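Examination of the molecular architecture
Given next are the chains, with one letter for each unit.
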2 protein chains.
Amino acid sequence: MEATRQPRRRGPYAKSAERRRSIIDAALDVFAARGYQGGSLQDVADAVGMSQTSLLHHFPTKRHLLLAVLERRDELGRTEPRAPEGRDFPTRIVDRVRLNERVPGLIELYAILCGEAMTDGHPARDHYTDRFERLRHEYADQLRALQEQGRLRDGVDVDRAAASIIALWDGIQAQWLLDRSIDMAACLADYLDLIIRPGTESESAG
Amino acid sequence: MEATRQPRRRGPYAKSAERRRSIIDAALDVFAARGYQGGSLQDVADAVGMSQTSLLHHFPTKRHLLLAVLERRDELGRTEPRAPEGRDFPTRIVDRVRLNERVPGLIELYAILCGEAMTDGHPARDHYTDRFERLRHEYADQLRALQEQGRLRDGVDVDRAAASIIALWDGIQAQWLLDRSIDMAACLADYLDLIIRPGTESESAG
């Protein structure tokens, strides 16, 4: 049956969405290799095999393309561990760090654009500012919930610990990009062990 | 006496060294605002008030200029707390974090170039790779010394803790650049408190 099935017909909207997606994926690779400033629209057009004019039909400016790439990166490499119930916050973080090791291109893109975002008037600046703020709130909420269960060690400042988890994670990724012998997951696990007490069997079983 | 003293004569070597220094300082500002890829030699020449041709007399390529800027940045913002005896390792780190808050331009330059260093074939790549490796060794040595004094908390992995101090520091600087309400020094101090026991009065008095 499979063999005789007709290829699914696609309307112009589906085709355009596919085209858009392939441009975004190509741009993600180009920016991960050369940065946003260093990677040109022509590089992206070449990578996807279309003219720059056709590309501009989908993304009127390079800035539009960057914002779509940042969205896509977040989709692909969600660092927010709000996974289904059953897994502990610290376990979810460490699992995510391990998963990220399999997608070095996404980590690279993140690190490059985060640096570039600090340059004057860079279009990724708001994205990173908002991302950090949102993540700090999410992590602080998770830590407060653990605190209510008596699982946060004495004297831990929830807001600073939230910022520190993100900071440690970002910083260790940068070192790992330059030296793959760094054990990112172990560094995060060490830190989480310092601030969070282990859960009971039923709580931590995933 | 001061008033009648003749201005010190400077030979051509001293003049050239001065000129070189002013180019490096201008380049530091340009790269801190626009990145290495985004900032041009013409921007630097304009900032220092010379022609690009004269500038190239001092630095034959933009790459040469970048390496001089990176060296200068390290000189200005030494993050290696190997300060004179008397101050404790954790105190020296936290002091340095506080000092860095006064030089946001240097922090910005560091963050921007560290991100850019991840792009293919970037001339700052070796600088950051070497810097991370050197710092990890230095910090691990400091932590081992504390361990011998019985001041490291049980179960701390010295090498991972060294990498984590650097990671946390770099990561929290990135958040601080986008939101100045972040208390960088407190985040570092919290972490160091988690891994290091306070010294005795005589040890920790600076």
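Residues numbered from 1 in each chain as written. Chains lettered and ligands numbered in written order. Predicted model: local features only at pLDDT ≥ 70, side-chain atom pairs only at ≥ 80, totals over all residues. Heavy atoms only, no water.

Things to note about the overall build of chain A
The cut-off we apply is this: We count a stretch as a helix when DSSP gives it H or I for four or more residues in a row; a strand needs E for two or more, and each element gets its number in order from the N terminus. Any residue under 20% of the maximum accessible area for its type is buried, any over 50% is exposed, and the rest in between are partly exposed; the area is computed with a 1.4 Å probe on protein chains only. We call two residues in contact whenever any of their non-hydrogen atoms come within 4.5 Å of each other. Reported accessibility uses the Shrake-Rupley method at a 1.4 Å probe radius. Residues are deemed covered only where the shown protein chains occlude them.
Each helix and strand in chain A was counted, giving 10 helices and zero strands. When the helices and strands of chain A are listed from N to C terminus, the series reads α-α-α-α-α-α-α-α-α-α. Residues counted as buried form 49% of the 206 residues belonging to chain A. Sequence-distant contacts, at least 24 apart, represent 68% of the contacts inside chain A between residues at least 6 apart. For chain A, the computed accessible surface area is about 10400 Å², with 48% contributed by carbon and sulfur atoms.

Remarks on the interface of chain A and chain B
Interfaces are often described in size by the accessible area the parts lose on coming together. Threshold: The quantity reported as buried area is the accessible area (1.4 Å probe) lost by two parts once they are put together, taken as the sum for both. Salt bridges are defined as contacts in which a side-chain nitrogen from Lys or Arg sits within 4 Å of a carboxyl oxygen from Asp or Glu. Polar contacts, as counted here, are pairs of nitrogen or oxygen atoms within 3.5 Å of one another; within protein the pair requires one atom able to donate a hydrogen and one able to accept it, and residues that are adjacent in sequence qualify only if both atoms are side-chain atoms. Gly counts as polar in this scheme, as do all residues outside two lists: the nonpolar Ala, Val, Leu, Ile, Met, Phe, Trp, Tyr, Cys and Pro, and the charged Asp, Glu, Lys and Arg.
Listed by partner, the interface residues are 38 residues for chain A and 38 residues for chain B. Approximately 3400 Å² of surface area, both sides summed, lies buried where chain A meets chain B, with 65% of it carried by carbon and sulfur atoms. Sorting the residues of chain A by area buried against chain B places Met118, Gln175 and Leu178 of chain A first, and these three jointly supply 21% of that buried surface. Viewed at the interface, chain B and chain A are joined by four salt bridges. One salt bridge connects Asp179 of chain B with Arg136 of chain A, and the closest N-O pair in it is separated by 3.2 Å. Between chain A and chain B we count 12 residue pairs in polar contact (both at pLDDT 80 or more) in total. Broken down by element, the residue count for the side of chain A that touches chain B peaks at 12 residues, all from helix α8 (residues 158–178) of chain A. Across the side of chain A that touches chain B, the residue classes break down as 20 nonpolar, nine polar and nine charged.

Considering the relation of the copies chain A and chain B
Filter applied, for reference: Superposing copies: least-squares fit, C-alpha atoms only, residues required to have pLDDT of at least 70 in both.
After a rotation of 180 degrees and a shift along the axis of 0.0 Å, chain A superposes on chain B with an RMSD of 0.0 Å. Here the copies are linked by what is in effect a two-fold axis. Most of the interface of chain A is mirrored in chain B, where 100% of its interface residues are also at the interface.

A look at the packing of helix α1 (residues 12–38) of chain A against helix α1 (residues 12–38) of chain B
To keep it simple, the criterion reads: Axis definition: a line fit to C-alpha positions, over the contact stretch in the case of helices; interaxial angles, taken between N-to-C directions, run 0 to 180 degrees. Put simply, angles under 35 degrees are roughly parallel, angles over 145 are roughly antiparallel, angles from 65 to 115 are roughly perpendicular, and the rest are oblique.
Interhelical geometry of α1 of chain A versus α1 of chain B gives an angle of 125 degrees and a closest axis separation of 9 Å. Put simply, α1 of chain A runs oblique to α1 of chain B. In this structure, α1 of chain A uses Arg34, Gln37 and Gly38 of chain A to contact α1 of chain B, whose residues at the interface are Arg34, Gln37 and Gly38 of chain B. Partitioning the contact of α1 of chain A with α1 of chain B into residue classes produces no nonpolar, four polar and two charged.

Considerations on the pattern of salt bridges
Residues and elements named next belong to chain A. Under the criterion given, the structure shown has 30 salt bridges over all chains. The shortest N-O distance in the salt bridge between Glu75 and Arg21 comes to 3.9 Å. In this pair, Glu75 is assigned in helix α4 (residues 62–76) and Arg21 in helix α1, connecting sequence segments 54 residues apart. Since its relative accessible area comes to 45%, Glu75 is described here as partly exposed.

Describing the confidence of the model for chain A
All names here are of chain A. Stated formally: pLDDT is a per-residue confidence score from the predictor, ranging from 0 to 100.
Confidence in the prediction for chain A averages 89 pLDDT; 87% of positions are at 70 or higher. In this model, residues 201–206 is a region of pLDDT below 50 whose contacts with residues beyond four sequence positions or in other chains number eight contacts. Reported for the predicted complex are a pTM of 0.86 and an ipTM of 0.86.

Remarks on empty space enclosed by the protein
Where empty space is left in the structure can be found by rolling a water-sized probe over the atoms. The line we're drawing: A cavity, in this analysis, means grid points on a 1 Å lattice covering only the protein atoms where a 1.4 Å probe fits yet has no way out; a pocket is instead an open set bounded by protein on both sides within 12 Å along at least five of seven lines, and a residue lines either one if it has an atom within 4 Å of a point. Grid points are joined across faces, edges and corners, and a volume is the space filled by probe spheres set on the points.
Enumeration over the complete set of coordinates arrives at four cavities of 30 Å³ or more. The calculated volume of the largest cavity comes to roughly 240 Å³. Together, 17 residues line the largest cavity, and Cys114 and Ala174 of chain A together with Cys114, Asp170 and Ala174 of chain B are the ones closest to its centre. Among the secondary structure elements, those contributing two or more residues to the lining of the largest cavity are α6 (104–116) and α8 of chain A together with α6 (104–116) and α8 (158–178) of chain B. For the lining of the largest cavity, the per-class residue count stands at 11 nonpolar, four polar and two charged.

A look at the domain arrangement of chain A
Residue and element names in this part refer to chain A. Our working rule: In this entry, domain limits derive from an automatic or database-based domain assignment.
Splitting chain A by domain gives domain 1 (9–73) and domain 2 (83–204). The distance between the C-alpha centroids of domain 1 and domain 2 comes to 29 Å. The contact between domain 1 and domain 2 buries some 1200 Å² in all, and 70% of this surface belongs to carbon and sulfur atoms. Among the residues of domain 1 in contact with domain 2, Ala32, Leu70 and Arg73 are the three that bury the most area, contributing 49% of the side total. Counting across the domain 1 and domain 2 interface gives zero salt bridges. The interface formed by domain 1 and domain 2 includes two residue pairs in polar contact (both at pLDDT 80 or more). Where the side of domain 1 that touches domain 2 is concerned, the elements lending two or more residues are α1 and α4. Along the lines of polarity and charge, the residues of the side of domain 1 that touches domain 2 split into eight nonpolar, two polar and two charged.

Observations regarding the side chain of His122 of chain B
All names here are of chain B. Position of His122 relative to the elements: it lies in the loop between α6 and α7 (125–148). The buried category is assigned to His122, whose relative accessible area is 7%. A polar contact of 2.9 Å, which involves the side chain of His122, links it to the backbone nitrogen of Ala124.

A word on the environment of Leu70 of chain A
Residues and elements named next belong to chain A. When you line up the elements, Leu70 lands in helix α4. By relative accessible area, Leu70 is classed as buried at 1%. Remark: the alpha-carbon pair of Leu70 and Tyr128, spanning 58 residues in sequence, is separated by 9.5 Å. When near neighbours in sequence (up to four residues on either side) are disregarded, Leu70 contacts Leu113, Ala124, His127 and Tyr128.

Observations regarding the packing of aromatic side chains
Inclusion rule: Two rings from Phe, Tyr or Trp (for Trp, the six-membered ring) form a pair when their centres sit within 6.5 Å of each other. Planes less than 30 degrees apart are called stacked, planes more than 60 degrees apart edge-to-face, and all others tilted. When the NZ atom of lysine or the CZ atom of arginine is within 6 Å of a ring's centre and also within 35 degrees of its normal, the charge is said to sit over that ring.
One pass over the full model with this rule turns up nine aromatic pairs over all chains. Taking 5.5 Å as the distance between ring centres and 70 degrees as the angle between the ring planes, the aromatic pair formed by Phe89 of chain A and Tyr139 of chain A counts as edge-to-face. Of this pair, Phe89 of chain A sits in helix α5 (residues 89–100) while Tyr139 of chain A sits in helix α7 (residues 125–148); the two residues are 50 residues apart in sequence, bridging distant segments of the chain. By relative accessible area, Phe89 of chain A is classed as buried at 3%. Owing to a relative accessible area of 1%, Tyr139 of chain A belongs among the buried residues under this scheme. Each residue in the set Tyr110, Tyr128 and Phe132 of chain A is aromatic and connected to the rest through ring pairs, giving one cluster. For Lys62 of chain A, the ring lying beneath its charged end belongs to Tyr36 of chain A, and the centroid distance is 4.5 Å. Of note, Arg180 of chain B hangs over the ring of Trp176 of chain B, and the distance from its end group to the ring centre comes to 4.3 Å.

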